[in-house]
Number of protein chains: 4
Amino acid sequence: MIIILSSNATDRNREDIVENLKARGFGVHLSVGVEKTVIGVIGAMDEQKAEVAEQFEALPFVERCVSISKPYKLVGKSFRTEGTKITVRGVTIGGDQAVVMAGPCTVETEEQLMESARAVKAAGAHILRGGAYKPSTSPYSFHGHGLEALKMLAAARDETGLPIVTEVMDARDLETVSEYADILQIGARNSQNYSLLREVGNSRVPVLLKRGMAVKIEEWLQAAEYIASAGNYNIMLCERGIRTFETYTRNTFDINAIPALKELSHLPVIADPSHGTGKASLVAAVTRASIAAGADGIIVEVHPHPEKAIKDGAQSLTPAAFSAMMDDVRKVAAAVGRSI
Amino acid sequence: MIIILSSNATDRNREDIVENLKARGFGVHLSVGVEKTVIGVIGAMDEQKAEVAEQFEALPFVERCVSISKPYKLVGKSFRTEGTKITVRGVTIGGDQAVVMAGPCTVETEEQLMESARAVKAAGAHILRGGAYKPSTSPYSFHGHGLEALKMLAAARDETGLPIVTEVMDARDLETVSEYADILQIGARNSQNYSLLREVGNSRVPVLLKRGMAVKIEEWLQAAEYIASAGNYNIMLCERGIRTFETYTRNTFDINAIPALKELSHLPVIADPSHGTGKASLVAAVTRASIAAGADGIIVEVHPHPEKAIKDGAQSLTPAAFSAMMDDVRKVAAAVGRSI
Amino acid sequence: MIIILSSNATDRNREDIVENLKARGFGVHLSVGVEKTVIGVIGAMDEQKAEVAEQFEALPFVERCVSISKPYKLVGKSFRTEGTKITVRGVTIGGDQAVVMAGPCTVETEEQLMESARAVKAAGAHILRGGAYKPSTSPYSFHGHGLEALKMLAAARDETGLPIVTEVMDARDLETVSEYADILQIGARNSQNYSLLREVGNSRVPVLLKRGMAVKIEEWLQAAEYIASAGNYNIMLCERGIRTFETYTRNTFDINAIPALKELSHLPVIADPSHGTGKASLVAAVTRASIAAGADGIIVEVHPHPEKAIKDGAQSLTPAAFSAMMDDVRKVAAAVGRSI
Amino acid sequence: MIIILSSNATDRNREDIVENLKARGFGVHLSVGVEKTVIGVIGAMDEQKAEVAEQFEALPFVERCVSISKPYKLVGKSFRTEGTKITVRGVTIGGDQAVVMAGPCTVETEEQLMESARAVKAAGAHILRGGAYKPSTSPYSFHGHGLEALKMLAAARDETGLPIVTEVMDARDLETVSEYADILQIGARNSQNYSLLREVGNSRVPVLLKRGMAVKIEEWLQAAEYIASAGNYNIMLCERGIRTFETYTRNTFDINAIPALKELSHLPVIADPSHGTGKASLVAAVTRASIAAGADGIIVEVHPHPEKAIKDGAQSLTPAAFSAMMDDVRKVAAAVGRSI
């Protein structure tokens, strides 16, 4: 860490802070400039540094503290240089194959789910998505069929062979959801629910961690670090768009995040163009873009009858549109050296 | 709700949608224009409308659905025109007096807490704040002393008579926290953790609901509606800054939200200039501004030695700075017809 | 346009507004609901509607006005359904070929420019970019070599045959810049400088219109409408990233904007992954993504020695990196049915 | 400036960069840590540093460059510690009195302007605002009466004695506008139009510089530095809201910016609650807040008949509402030790 003193800091201030640092066991490297004095803090472990930073910025004669280490370790590239591969029921995420997760936003009925599952399987999807527990902005909206939906998902898996990804919203449901799910999804609104992150960290079920709407890339990696530090390394990072001033789309899909995560972390990266755009008409283009940018897979909403969907109809593809998109995505994947 | 058809919608499309609406029990008001056709949907209850909106936007010949009712009821001005007053241990929030909640970010030690509590009481604060369970971006940071901290808060209340506000992060801690807290704080990162909102809704302890970093005012009111719809009407809305592109401050304090909430809702509004700015040097100005804008109170971080604070030192006031600020705030409160 | 009255509007209010609308020559379609009254305004021309909207929202008993027509015409899809093609010195933008514009941020010296021009030509670029007049956040930074740089660009065009795109910042320089440039670039900070937009609209030189940092897609199309309404239809829309809370990248490249513009407008869309990311290490991935999403071309910064570049070194590619990127981009272009 | 090397930088890399810096005439202070090496660059002038920063960040073994000096000088607090006072026709901005600028968005007719001018004068305003040249998002909207409007403003000044503030959008209009205006307004969309900033810098007419919608505080001060560095020190900084994800209000008024500017700069700060909120119902509260936060004045839109206003009717106050607001603002001003 580097501490930059204000131009009004006195010699006495400087000596005080150096003494304070030494008393905490840090090495100190002093650089007295014409305009400003800079103090290099040596030997601290990361977690301590962050705290020290906050404390010293509180001093009136400190202008700024600059951290020179990353605030995460286990999920960082320097911890593991080759990419993490996660295998669920024979499907490997993070390998040569770009993985396609598809299905309805919400599990509504057995018919709706089976129709969706068969359609996405026929078009080449590898994993079935479907919501059993649903977060909704309004308390009066539909919140999912819960356990009943989990059972329908299991039945769809039995028939199609597709592994299941589904959201867990509450630590108290974790045991139940884990009985059925092959991948646990943490939604955007829970992406900094640290209690829940720790709990899925204690589990060994793979986790799909969505980015929160206002979460920076480095904070997202720290959220993943919560899971990893509790022992679960099977984490996929899912970009689903961030909230910006643009209103034509539901969110702004942050395509930069895909190569950025690839240079910062060893974890697989999944793109969610359905939430990233909020408009079915834009999903295929952003899916192609994500694969071209290096995503390890996509998760996309498909509904047999979007106009009758309980939730997210506007961003759901019909089976026909999904199938057409898959044909195009296969070509793009091949162009970047991947199969689908 | 109003459904605007695309200019390429056919007569057949129009008839289909009208039939569909009638089959769902809605009244329909058709307005066929030169450029576009607009369908008014009559008689639906709010919650249904939101769902219908999503479904119809999925139709390729529908351009847009416009909701004409508010997505919340119980917390809205039309439900209750006069302001809600909440009383905790003799302190009334939402009345003529602007209420001051102050104390350290985190309960660190008995000494630190008692010193803080005495100082804020002496300067005129009405309620003591202090964190027992702390959300931290990094898993390696300090997460609070938990139950032990709650007990220290209770001891500080015993001595000073100040009621306590403290955060609850996990539904599983709710019972414990409720035993000690006079006001339950829901933090920004849990502001859309709907499981937790429902649980504090089932409680009868007053709730201080912070705004999430990327939460719109209408979504925030829907989060409050979760609590109210579960039966707990004792809700305070706490503006604590939103996340924007500006980096000089930690957050952008949304002063507009104060009068906006006052015209949309009957709930008391509290300002948090500590998180809203992230800089101790800006706290007093934003506190004065909040009271001048009509806030019913403030919550502010005070630490006897900010440079030694475990968290949020940079935004914590010293007791002396807090006391000086209170003198100024009193004058501003009087100027807008309130006492402190 | 649709006017939604507040729930407290009286019959008298409603009659007043209807009369007012009729007096202005509008047709009126009234829909009195249980909760709210909705007035449809018929027959207005677009420009009038926008003004009427502002006026009526000022009335205390009007809750909201909803526009149902697009605020632009000439650049919209409904004005021209097939895509606009723009040809400069034999290079067609908006056709089957994805067009690559490359070169240094700033024209520094004859050697630097010629080295850049030869390198990008050798790697397959179609158009040479280079700044003669440079906007800089600081008044003390370098502002470009002006006319001298324009002459160097012309010399580079003479040798390589590559047409030139360069920025014009001031209406007073337009004549000079137009003498040399094949395409006039309007920079992000001038994207709503309406005087300048009108002037390039009066010109017939093709225009590359960058999106402003906080400009919505619909506002961007209105900026293009300024140019088109003055008579110049040769406009390319250039996505270069928007400003968000994310700080790891310089801007957030809005990949959604590419298919969104394609469904709203007939104008060619160009991607600028250099400014869109601000980091050379991310440029190739976002370039591939843009082409996969349907962009008609890219504009990218290439410098023979990025570490010596006067500006934008951090986001400039070396000739070797550019050449390697081009190989990959060719494959992606082929996958979406385009040549390069 | 501080250069932080990547953990993979070799000794050779380090020596190269040190040599490079010395060759440019910089002093170097080397700090080799266990994890990372940090190089302090000594003796550079600000403007050079910024350029060096960009160049060195381009090197693959440099992780980050951290500037330790402010990117502006003349407008900074360290250049001049006491606040700048600007006097126009006897009205002093930046002194003990908080200054009120009020009037219609746009000069429409002589009657409308005179009615507005008399009303705002009667309620206690010190300066008359009114637009002669108007930026509009749509090319088809009204763009102001230009010279004719300037003459009407001068007539209103003759009658009421109120000095005039009006916008200049184009350097080519500067001479004409300067003949009539007492204060030149630079609008938000031109806040980084550097050609125009330089031109008003060459003038000696006081300037009201609005903040751009996506402009950071430090960039805004650099825009002011453009004007100051050309010789015009009579600059007022006008906060008018920034663009965020919130849609209930037109912009998010950044109240933090007021005390932030006061600690960074000696220039007077003016608040524009009309654009900062976009809603007449919120203007009074944000005006009170701005004065309480330390603003040196406000600029506010008042129209005799907001519902007939050509532009900005929704955010314009009636004379009666303005007058009532002034009564409240006087009390708040007094509470913070200022007159009005």
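Residues numbered from 1 in each chain as written. Chains lettered and ligands numbered in written order. Predicted model: local features only at pLDDT ≥ 70, side-chain atom pairs only at ≥ 80, totals over all residues. Heavy atoms only, no water.

**Re the pattern of salt bridges**
Once the charged atoms of two side chains with opposite charge are near each other, the side chains can pair.
1) Next: Per the stated rule, a full pass over the model turns up 72 salt bridges over all chains.
2) Next: The salt bridge involving R172 of chain B is made with D170 of chain B; its shortest N-O contact spans 2.7 Å. (Salt bridge = Lys/Arg side-chain N within 4 Å of Asp/Glu carboxyl O.)

**Quick notes on the packing of aromatic side chains**
1) Next: Applying the stated criterion across every chain, the model contains eight aromatic pairs over all chains.
2) Next: With a centroid separation of 6.4 Å and 35 degrees between ring planes, the pair formed by F79 of chain A and Y233 of chain A is classed as tilted. One end of the pair, F79 of chain A, is in the loop between β4 (62–66) and β5 (86–88); the other, Y233 of chain A, is in the loop between α7 (217–229) and β12 (235–239), and 154 residues separate them in sequence.
3) Next: Y233 of chain A gets classed as partly exposed once you look at its relative accessible area, which sits at 26%.
4) Next: Measuring from ring centre to ring centre gives 4.4 Å for Y194 of chain A and Y226 of chain A, while their planes differ by 15 degrees; the resulting arrangement is stacked. Pair noted here: Y194 of chain A is in helix α6 (residues 194–202) and Y226 of chain A is in helix α7, with a separation of 32 residues, a long-range link.
5) Next: Classification of Y194 of chain A by relative accessible area gives buried; the value is 4%.
6) Next: Across from the ring centre of Y248 of chain A, 4.1 Å away, lies the NZ or CZ of K279 of chain A, which sits over that ring.
7) Next: Here K73 of chain C stacks its cationic end above the ring of Y140 of chain D, 5.3 Å away from the centre of that ring. (Phe/Tyr/Trp six-rings, centres within 6.5 Å; stacked < 30°, edge-to-face > 60°. Helix = DSSP H or I, 4+ residues; strand = E, 2+ residues; numbered from the N terminus. Buried < 20%, exposed > 50% of the residue type's maximum accessible area, 1.4 Å probe, protein only. Lys NZ or Arg CZ within 6 Å of the ring centre and 35° of its normal.)

**Details of the state of the cysteines**
1) Next: Counted according to the given criterion, the structure contains zero disulfides over all chains.
2) Next: Unpaired in this structure, C105 of chain A has its nearest cysteine sulfur neighbour in C238 of chain A, at a distance of 13 Å.
3) Next: Since its relative accessible area comes to 3%, C105 of chain A is described here as buried.
4) Next: Cysteine C65 of chain D shares no disulfide, and the gap to the nearest cysteine sulfur, in C105 of chain C, comes to 17 Å. (Disulfide = S-S within 2.5 Å.)

**Structural notes on the sheet that holds β4 of chain A**
Residue and element names in this part refer to chain A.
1) Next: Strand order in the open sheet made by the four strands is β2-β3-β1-β4, with antiparallel pairing throughout. Bordering the open sheet on either side are β2 (27–32) and β4, each of which pairs with just one other strand. Neighbour to neighbour, the strand axes of the sheet diverge by 20 degrees on average, direction disregarded. (Pairing = 2+ DSSP bridges. Axes fitted to C-alpha atoms, helices over the stretch in contact; angles between N-to-C directions.)

**Section: the interface of chain B and chain A**
1) Next: Facing 49 residues of chain B, the contacting portion of chain A comprises 49 residues.
2) Next: For the pair chain B and chain A, the two sides together bury roughly 4400 Å², of which 50% comes from carbon and sulfur.
3) Next: Of all residues in chain B, Y140, R172 and R243 of chain B bury the most surface against chain A, accounting for 15% of the area lost on that side.
4) Next: Viewed at the interface, chain A and chain B are joined by four salt bridges.
5) Next: Where E199 of chain B meets R172 of chain A, a salt bridge forms, and the shortest distance between an N and an O atom there is 3.1 Å.
6) Next: Seen at the junction of chain B and chain A, the total is 20 residue pairs in polar contact (both at pLDDT 80 or more).
7) Next: At the level of elements, α2 (46–57), α6 (194–202) and α7 (217–229) of chain B are the ones that each hand at least two residues to the side of chain B that touches chain A.
8) Next: A per-class count over the side of chain B that touches chain A returns 18 nonpolar, 13 polar and 18 charged. (Contact = heavy atoms within 4.5 Å. Buried area = accessible area lost by both parts, 1.4 Å probe. Polar contact = N/O pair within 3.5 Å; in protein donor to acceptor, adjacent residues only side chain to side chain. Nonpolar A, V, L, I, M, F, W, Y, C, P; charged D, E, K, R; others polar.)

**Let's talk about the interface of chain D and chain C**
1) Next: Contacts between chain D and chain C engage 50 residues on the former and 49 residues on the latter.
2) Next: Counting the surface lost from both chain D and chain C, the interface buries some 4300 Å², and carbon and sulfur atoms represent 50% of this.
3) Next: Taken together, the links from chain D to chain C amount to four salt bridges.
4) Next: Taken together, the elements giving at least two residues each to the side of chain D that touches chain C come down to α2 (46–57), α6 (194–202) and α7 (217–229) of chain D.
5) Next: Residues that form the side of chain D that touches chain C fall into these classes: 19 nonpolar, 13 polar and 18 charged.

**Digging into the relation of the copies chain D and chain C**
1) Next: Mapping chain D onto chain C is achieved by rotating through 180 degrees and translating by 0.0 Å along the same axis, at an RMSD of 0.0 Å. Here the two chains are linked by the operation of a two-fold rotation axis. Judged by C-alpha distance, A214 of chain D is the residue of chain D that lies nearest the rotation axis, at 2.8 Å.
2) Next: Taken together, the interface assignments show that 98% of the residues at the interface of chain D recur at the interface of chain C, consistent with an identical surface on both copies. (Least-squares fit on C-alpha atoms with pLDDT ≥ 70 in both.)

**Description of the side chain of S116 of chain B**
1) Next: Looking at the element boundaries, S116 of chain B is found in helix α3 (residues 110–123).
2) Next: Filtering out sequence-adjacent residues up to four positions away, S116 of chain B remains in contact with P104, V302, H303 and P304 of chain B.

**As for the sheet that holds strand β11 (residues 207–210) of chain A**
All names here are of chain A.
1) Next: Overall, parallel pairing links the eight strands, which are arranged β7-β8-β9-β10-β11-β12-β13-β14 in a closed barrel. Neighbour to neighbour, the strand axes of the sheet diverge by 25 degrees on average, direction disregarded.
2) Next: Strand direction decides the pairing type here: β12 and strand β13 (residues 269–271), joined by three bridges, are parallel. Paired with L237 across the strands is V269, a residue of β13.
3) Next: Strand contacts of α6: β10 (183–186) and β11, with the helix running at about 170 degrees to β10, the strand carrying the most contacts.
4) Next: Helix-sheet contacts for helix α8 (residues 257–264) involve β12 and β13, and the interaxial angle to β13 is about 170 degrees.

**Side note on the confidence of the model for chain A**
Low-pLDDT portions of the prediction should not be read for the details of their coordinates.
1) Next: Scored by pLDDT, chain A has a mean of 92; 96% of the residues are at 70 or more.
2) Next: Here the prediction assigns the complex a pTM of 0.94, and the interface score ipTM is 0.93. (pLDDT = per-residue confidence, 0-100.)

**Here we look at helix α8 (residues 257–264) of chain B**
1) Next: Of all the eight residues making up α8 of chain B, six are buried; the element is thus mostly covered by neighbouring parts of the structure.
2) Next: Restricting attention to buried positions, one finds in α8 of chain B the residues A257, I258, P259, A260, L261 and L264 of chain B.
3) Next: Buried residues belonging to α8 of chain B abut α7, β12 (235–239), β13 (269–271) and α10 (280–293) of chain B together with α10 (280–293) of chain D.

**Brief notes about unusual backbone geometry**
1) Next: Despite not being glycine, D312 of chain C shows a phi value in the positive range, around 60 degrees.
2) Next: On the secondary structure map, D312 of chain C appears in the loop between β14 (297–301) and α11 (319–335).

**Let's talk about the side chain of S116 of chain D**
1) Next: We classify S116 of chain D as buried; its relative accessible area is 1%.
2) Next: When sequence neighbours within four positions are dropped, the list of residues in contact with S116 of chain D reads P104, V302 and P304 of chain D.

**Some points on the nonpolar core**
1) Next: Grouped together as the largest cluster of nonpolar side chains are 332 residues, with contacts concentrated most on F322 of chain A, F322 of chain B, F322 of chain C together with F322 of chain D.
2) Next: Once you skip the residues sitting within four places of it in the chain, F322 of chain A turns out to touch V100, A102, V120, A123, A125, V300, V302 and L317 of chain A. (Core = buried A, V, L, I, M, F, W, Y, C linked by side-chain atoms within 4.5 Å.)

**Observations regarding the environment of K311 of chain B**
1) Next: Along the chain, the position of K311 of chain B falls in the loop between β14 (297–301) and α11 (319–335).
2) Next: Taking the C-alpha atoms as reference points, K311 of chain B and K85 of chain B, separated by 226 residues in sequence, lie 32 Å from one another.

**Quick word on the pairing of strand β1 (residues 2–5) of chain B**
Residue and element names in this part refer to chain B.
1) Next: Side chains I2 and I4 of β1 all project onto a buried face; the interleaved residues I3 and L5 project onto the opposite face, where all are buried too.
2) Next: As paired strands, β1 and strand β4 (residues 62–66) are joined by four bridges and run antiparallel to one another. By the bridge assignment, I4 is partnered in β4 with R64.
3) Next: The pairing of β1 with strand β3 (residues 37–42) spans three bridges and is antiparallel. Residue pairing across strands places I3 opposite I39, the latter belonging to β3.

**Quick notes on the packing of helix α3 (residues 110–123) of chain C against α11 of chain C**
The axes of two packed helices give the description: the angle between them and the distance between them.
All names here are of chain C.
1) Next: Contact geometry of α3 with α11 gives a least axis separation of 9 Å together with a crossing angle of 25 degrees. Here α11 runs roughly parallel to α3, going by the angle between their axes. Viewed along their axes, α3 and α11 form a crossing whose handedness is right-handed. Residues A119, V120 and A123 of α3 lie in contact with α11, whose contacting residues are P319, F322, S323, M326 and R330.
2) Next: When the residues that make up the contact of α3 with α11 are grouped by side-chain class, the tally is six nonpolar, one polar and one charged. (Parallel < 35°, antiparallel > 145°, perpendicular 65-115°, else oblique. Left-handed = near helix turned anticlockwise from the far one by under 90°.)

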